[in-house]
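Survey of secondary and tertiary structure
As a plain string of letters, each chain reads:
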Amino acid sequence: MKIIMLGAPGAGKGTQAKMIADKYSIPHISTGDIFRANIKNGTELGMEAKKYMDKGQLVPDELTVRILLDRVAKDDCSNGYVLDGFPRTIPQAEVLDSELTKIGDKIDYAIDVDVPDENIVNRMSGRRACVSCGATYHIVHIPPKQQGICDKCGSELILRDDDAPETVLKRLKVYHEQTQPLIDFYSKKGILKTVDGTVDSADVFKAITAILG
Ligand code: ADP
Ligand code: AMP
C-alpha cells in the first residue's frame, strides 16, 4: 500500500503517518525528517536544506526529489510506504507519478488531513519534537508523560526552529501557493480522501483506517 499524506504544516500528517506505519507495517518516510537528520549530522545536504527551511521556504524540487526517490528504492519499501511531506509541489508529484508508472506501480491513496489555518499556529507553537528519534508531541493536546522528555527514547524535546509563529505564517503561505494544488491533482486521479484533522488524533486515525481498511 502506497499512501501520501497531504495537509497544511501542522495538520497532523506526521502524527497520523506514524500510526499508519505501525498498523500496516510499512515505512514512514518524511522528507522533513530526512533533512533534519542531515542538518543534525552536518552533511552538505543538511546545510543546503537548512538555508530554505529556516526561512519557511521549500527546499528546491531537484534536491528533494533525488532524496525521496533514493529512499523509496530501498528494500524496506517493497510492500509500500507512507509519505509525509512529499510531494509538496506539482512537479514533485509528477516526477513521483512518472517514476512509479515506469515500474508499473501507483499511489493508492492521497489522504488530506484538513485543518483550517486558524488552528495551525497553535498546533505549531505547542509542537515539541524529539532531538533523537523525531517523535512529536503537543504540550496541550498530546503531551509526553514527563515534560520535555521523549516517551519513546528518553531524549530531550525541543521546539523546532521553523515552528516560530512568523515562520509558520510564511510556511502556511507557501502551503497555499505551492502544495494545496495537489488536492486537485489527486482528486482528478480519483484517489483523494479527506479527513477532518481538527478532532482528537485517535479519531482522525479511526477515519483513516476506515478508508484504508
Ligand atoms: P505535520 O506533520 O502535519 O506538520 P504534526 O503531526 O507534527 O503535523 O502535528 C503538529 C502538532 O499538532 C504536533 O504538536 C502534534 O502533536 C499536534 N497534533 C497532531 N494531531 C493533532 C490533533 N488531532 N489534535 C490536536 N493536536 C494534534
Ligand atoms: P516538515 O517536517 O514536513 O514540516 O518539513 C519541514 C521543512 O522541510 C519544510 O518547511 C521545507 O522547508 C522542507 N521540506 C520538507 N519536505 C519538502 C518537500 N517535499 N519539498 C520541499 N521542501 C520540503
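Since the structure is predicted, the reported quantities are computational estimates derived from the model, not experimental observations. (Residues numbered from 1 in each chain as written. Chains lettered and ligands numbered in written order. Predicted model: local features only at pLDDT ≥ 70, side-chain atom pairs only at ≥ 80, totals over all residues. Heavy atoms only, no water.)

The next point concerns unusual backbone geometry. With an omega dihedral of -5°, the bond running from F86 to P87 counts as a cis peptide bond. As for its placement among the helices and strands, P87 is situated in the loop between strand 3 (81-84) and helix 5 (90-102). Residues other than glycine seldom take positive phi values, yet S25 does so here, at roughly 50°. Checked against the element boundaries, S25 lands in the loop between helix 1 (13-24) and strand 2 (28-30). According to the relative accessible area criterion, S25 is exposed, its value standing at 62%. (Helix = DSSP H or I, 4+ residues; strand = E, 2+ residues; numbered from the N terminus. Buried < 20%, exposed > 50% of the residue type's maximum accessible area, 1.4 Å probe, protein only.)

Let us look at the packing of aromatic side chains. Following the criterion strictly, the structure yields one aromatic pair and no others. Between the aromatic rings of F185 and Y186, the centroid separation amounts to 4.9 Å while the plane-to-plane angle is 80°, which identifies the pairing as edge-to-face. With respect to burial, F185 and Y186 carry one shared label: buried. Here the guanidinium or amino end of K23 rests over the ring plane of Y24, the centre of that ring lying 5.6 Å away. (Phe/Tyr/Trp six-rings, centres within 6.5 Å; stacked < 30°, edge-to-face > 60°. Lys NZ or Arg CZ within 6 Å of the ring centre and 35° of its normal.)

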